[in-house]
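Overview (structure and organization)
Below, each chain spelled out in residue letters.
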Amino acid sequence: MAEWNSENNSLWLRWTVGLFAALILLVPLGSRGAAVAQSSSPWQAPEDAKNVKNPEKTTPEGLAAAAELYHQNCMQCHGEAGAGNGPSADLLVRKPPKFTNAKLMDQVTDGELFWKMTTGRSPMPSWQDKLSITQRWQLVNYIRTFAKKAPATTSNE
Ligand code: HEC
């Protein structure tokens, strides 16, 4: 009886250890799978955020201020002329979109660009605490200039 019990115990033990091993192997796979699914999904701003109007007019002063901020904070990923080819772009898990692509930029509202900049999505950080509301809207106006003054770059999308 004692022998039967111990054999039964060791079977139970082996089953438990096996189950734990399976869990340890499966959990990271599962979360990696979820991360991949998340990264491939398009980044959508909420409808009410898309409809928010840009309170900042495009002015030479506003563009100059935003250009400086862009060079300090954004250029490394988004590229000097907004083509998504900054010095860090190749190292990113997700490529920055081309602000030079007029077709692409026509599909997004100012409110959407502002919301994405404010919220951030890995690898891009949130700019909410780093840049003021005015600075973020001015950056939206600045980003808009890339598709306007660089028609040649839209062909190599
Ligand atoms: C570390 C690299 C990195 C930096 C720095 C960075 N971005 Fe981004 N940005 C990205 C990536 C990558 C995406 C695409 C994210 C996605 O699709 O999930 C993105 C997306 C965006 C979008 C959304 C565009 C769209 O049409 O969907 C805007 C707007 C934007 N960035 C503006 C900025 C601004 C302004 C700055 C500087 C203040 C900045 N980014 C700094 C990497 C970066």
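Predicted model only: the values in this text are computed from it and were never measured.

Before going further, it helps to spend a moment on the overall build of the protein chain. Within the protein chain, the regular secondary structure consists of 7 helices and 0 strands. In sequence order, the secondary structure elements of the protein chain are arranged as α-α-α-α-α-α-α. A total of 157 residues make up the protein chain; the buried ones form 19% of that total. If you take every contact in the protein chain between residues at least 6 apart in sequence, the share linking residues at least 24 apart comes to 61%.

Moving on to the nonpolar core. Counting 16 residues, the largest nonpolar core has Phe-114, Leu-139, Val-140 and Ile-143 as its most contacted members. Setting aside chain neighbours within four positions, we find Ile-143 in contact with Gly-82, Phe-99 and Leu-113.

With 71% of its residues at a pLDDT of 70 or more, the protein chain shows a mean pLDDT of 84. For residues 28-37, every residue scores under 50 in pLDDT, and the model assigns this stretch 0 contacts once sequence neighbours within four places are set aside. When the criterion is pLDDT under 50, residues 153-157 qualifies, and its contacts beyond four places in sequence or with other chains add up to 9 contacts.

So, about helix H6 (residues 110-119). Of all 10 residues that make up H6, 7 are buried, and the element is covered over most of its length. Three or more residues of H6 are buried, namely Gly-111, Glu-112, Leu-113, Phe-114, Trp-115, Lys-116 and Met-117. Two residues or fewer after H6 comes Gly-120, characterised by a positive phi angle close to 75°.

What follows covers the environment of Arg-136. Positionally, Arg-136 belongs in helix H7 (residues 133-149). Exposure remark for Arg-136: the 21 C-beta atoms within 10 Å place this residue in the buried category. Between the alpha carbons of Arg-136 and Ala-66 there is a distance of 8.2 Å; along the sequence they are 70 residues apart. With sequence-adjacent residues up to four places away left out, Arg-136 is seen in contact with Phe-114, Met-117, Thr-118, Trp-127 and Leu-131.

Let's shift gears to the site of the ligand. Residues in contact with the ligand amount to 21 residues; listed here are only the nearest, Asn-73, Cys-74, Cys-77, Lys-116 and Met-124. Those elements giving two or more residues to the shell around the ligand turn out to be helix H4 (75-78), H6 and H7. The residue makeup of the shell around the ligand, split by class, is 14 nonpolar, 4 polar and 3 charged.

Right, let's talk about the environment of Tyr-142 for a bit. Note that Tyr-142 resides in helix H7. Setting aside anything within four residues of it in sequence, one finds Tyr-142 in contact with Leu-63, Ala-66, Ala-67 and Tyr-70.

Attention shifts here to unusual backbone geometry. Excluding glycine, residues mostly carry a negative phi; peptide bonds, for their part, are mostly trans. Following Ser-122, the chain continues into Pro-123 via a peptide bond in cis, with omega recorded as 10°. You can see Pro-123 is positioned in the loop between H6 and H7.

With that settled, consider the environment of Pro-87. Turning to its location among the elements, Pro-87 is positioned in the loop between H4 and helix H5 (102-106). Residue classification places Pro-87 among the exposed positions, given that 11 C-beta atoms sit within 10 Å. Along the backbone, Pro-87 and Cys-77 are 10 residues apart, and their C-alpha atoms lie at a distance of 6.4 Å.

Analysis parameters
- Residues numbered from 1 in each chain as written.
- Predicted model: local features only at pLDDT ≥ 70, side-chain atom pairs only at ≥ 80, totals over all residues.
- Helix = DSSP H or I, 4+ residues; strand = E, 2+ residues; numbered from the N terminus.
- Buried ≥ 20, exposed ≤ 12 C-beta atoms within 10 Å, placed from the backbone.
- Contact = placed C-beta atoms within 7 Å.
- Core = buried A, V, L, I, M, F, W, Y, C linked by C-beta atoms within 7 Å.
- pLDDT = per-residue confidence, 0-100.
- Near = placed C-beta within 6 Å.
- Nonpolar A, V, L, I, M, F, W, Y, C, P; charged D, E, K, R; others polar.

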